[in-house]
Amino acid sequence: LEYPLRVYRDKNFTVRFLGGASNSASNDALTQMLRVKFPEDYHKIELLPRTDSDEFMVRVSEADVILPLVDEGSFFHEKGYQGGKKLTSSVAWGMGFGKKMLIYRPLAEVFGIQEDNT
């Protein structure tokens, strides 16, 4: 998230987090963290509540780019993503809808995604 907000700061875009429970404590913590970490760019971020599967698919299909969020600090950790063995579903959704992705290189390698997203 930090990379696109920094590199594409001058572009007009919105980052939408899909699927969080709208009034959970973790969503409140995420909101606060985003406000602190990205004070100049917070207006570009939307946290959308969990939806049913049909609406979720519509929102993914309308996206221009998928940004799979992966904690690179725990990607190779046994209790984290286990080097890609425990995967984020956003990559599968992005591939299924044929979307471009801004993706953590080790995660891209797990899926065989090339630099040009093929």
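Our structure is the block above this text.
Residues numbered from 1 in each chain as written. Predicted model: local features only at pLDDT ≥ 70, side-chain atom pairs only at ≥ 80, totals over all residues. Heavy atoms only, no water.

Undergrad: Looking at this structure, how should I read the pattern of salt bridges?
TA: For side chains bearing opposite charge, pairing can occur when the charged atoms are close. Tallied over the entire structure, the rule returns 5 salt bridges. The salt bridge partner of arginine 9 is aspartate 41, with a shortest N-O separation of 2.5 Å. On the criterion of sequence distance, the pair formed by arginine 9 in the loop between helix 1 (2-7) and strand 1 (15-20) and aspartate 41 in the loop between helix 2 (25-37) and strand 2 (45-49) is long-range, its members being 32 residues apart. Overall, arginine 9 belongs to the partly exposed group, its relative accessible area being 39%. Among the salt bridges present, the one from glutamate 55 reaches arginine 59, with a minimum N-O distance of 2.7 Å. Of this pair, glutamate 55 and arginine 59 both sit in helix 3 (residues 53-62), 4 residues apart, which is roughly one turn of the helix. Residue classification places glutamate 55 among the partly exposed positions, given a relative accessible area of 35%. The exposure class of arginine 59 is partly exposed, given its relative accessible area of 24%. (Salt bridge = Lys/Arg side-chain N within 4 Å of Asp/Glu carboxyl O. Helix = DSSP H or I, 4+ residues; strand = E, 2+ residues; numbered from the N terminus. Buried < 20%, exposed > 50% of the residue type's maximum accessible area, 1.4 Å probe, protein only.)

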